[in-house]
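Each chain, written out:
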Amino acid sequence: QLQLVESGGGLVQPGGSLRLSCAASGFTLNYYAIGWFRQAPGKEREGISSISSSGGLTIYADSVKGRFTISRDNAKNTVYLQMNSLEPEDTAVYYCAAGNYGLGYELYDYWGQGTQVTVSS
């Protein structure tokens, strides 16, 4: 089966940090760009970051630029999202996806189940 398994979500105070992980199960991520998306209640799904298959190219949404860092370890078949200086507005369900490079959801073929990130004092 082809799926992405996420971990690392949870509750954190404003200003804190979390690192999300997304590991491929049943296929390799070596030839796929990886994207991170999030969706908060009442809001549209937002593409926040993407990394090319080689790791040589990265892009970020303005809402997270300078605070979040995307990376990948193809040997471990895993992609990461390091989130620093978290704000309550970052509270959302976070999804990873495998497909083509960019921030549009239509570019991606495989999606994780999502993991909840809650930023609250």
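Just above, that's the structure.
Just so it is clear, the model here is predicted, and its values are computed rather than measured.

A. Quick look at the environment of Ala-92. Turning to its location among the elements, Ala-92 is positioned in strand 9 (residues 92–99). What Ala-92 contacts, discounting residues up to four positions off in sequence, is Arg-38, Gln-39, Ala-40, Thr-115, Gln-116 and Val-117.

B. Quick peek at the sheet that holds strand 7 (residues 68–73). The four strands are arranged 1-3-8-7 in an open sheet whose pairing can be described as antiparallel. Each end of this open sheet is capped by a strand with a single partner; those strands are strand 1 (3–7) and strand 7. Between one strand and the next, the sheet's axes are offset by a mean angle of 20°, whatever the strand orientation. As paired elements, strand 1 and strand 3 (residues 18–25) share five bridges and run antiparallel to each other. Bridging across to strand 3, Leu-4 finds its partner in Ala-24.

C. Structural view of the pairing of strand 7. Alternating positions in strand 7 separate cleanly, Phe-68, Ile-70 and Arg-72 being buried on one face and Thr-69, Ser-71 and Asp-73 remaining unburied on the opposite face. Relative to strand 8 (residues 78–83), strand 7 is paired through six bridges, and the arrangement is antiparallel. Pairing of Ile-70 across the sheet is with Leu-81, part of strand 8.

D. How the structure looks around the state of the cysteines. In the structure shown here, the tally under the stated rule is one disulfide. Covalently, Cys-22 is tied to Cys-96 through a disulfide, its sulfur atoms 1.7 Å apart. A torsion of 45° about the S-S bond marks the disulfide between Cys-22 and Cys-96 as right-handed. Separated by 74 residues along the polypeptide, Cys-22 in strand 3 and Cys-96 in strand 9 bring together distant segments of the chain. Cys-96 matches Cys-22 in its accessibility class, with the two residues each being buried.

E. Highlighting the nonpolar core. If you look at the biggest cluster of nonpolar residues, it comprises 26 residues, and the most contacted ones within it are Leu-4, Trp-36, Phe-68, Leu-81, Met-83 and Tyr-94. When contributions to this core are tallied by element, the ones reaching two or more residues are strand 3, strand 4 (33–39), strand 5 (46–51), strand 7, strand 8, strand 9 and strand 11 (115–119). Beyond its immediate sequence surroundings of up to four residues, Tyr-94 is in contact with Glu-6, Leu-20, Phe-37, Arg-38, Ile-48, Phe-68, Leu-81, Met-83, Gly-114, Thr-115 and Val-117.

F. Examining the packing of aromatic side chains more closely. All told, the structure shown has six aromatic pairs when counted by the stated rule. Ring centres of Phe-27 and Tyr-110 lie 5.0 Å apart, and the angle between their planes is 45°; this geometry places the pair in the tilted category. In this pair, Phe-27 sits in the loop between strand 3 and strand 4 while Tyr-110 sits in strand 10 (residues 108–111), placing the two residues 83 residues apart along the sequence. The buried category is assigned to Phe-27, whose relative accessible area is 13%. Classification of Tyr-110 as partly exposed rests on a relative accessible area of 24%. Ring geometry for Phe-37 against Trp-111: centres 4.9 Å apart, planes inclined by 50°, an arrangement best described as tilted.

Conventions and cut-offs
Residues numbered from 1 in each chain as written. Predicted model: local features only at pLDDT ≥ 70, side-chain atom pairs only at ≥ 80, totals over all residues. Heavy atoms only, no water. Helix = DSSP H or I, 4+ residues; strand = E, 2+ residues; numbered from the N terminus. Contact = heavy atoms within 4.5 Å. Pairing = 2+ DSSP bridges. Axes fitted to C-alpha atoms, helices over the stretch in contact; angles between N-to-C directions. Buried < 20%, exposed > 50% of the residue type's maximum accessible area, 1.4 Å probe, protein only. Disulfide = S-S within 2.5 Å. Core = buried A, V, L, I, M, F, W, Y, C linked by side-chain atoms within 4.5 Å. Phe/Tyr/Trp six-rings, centres within 6.5 Å; stacked < 30°, edge-to-face > 60°.

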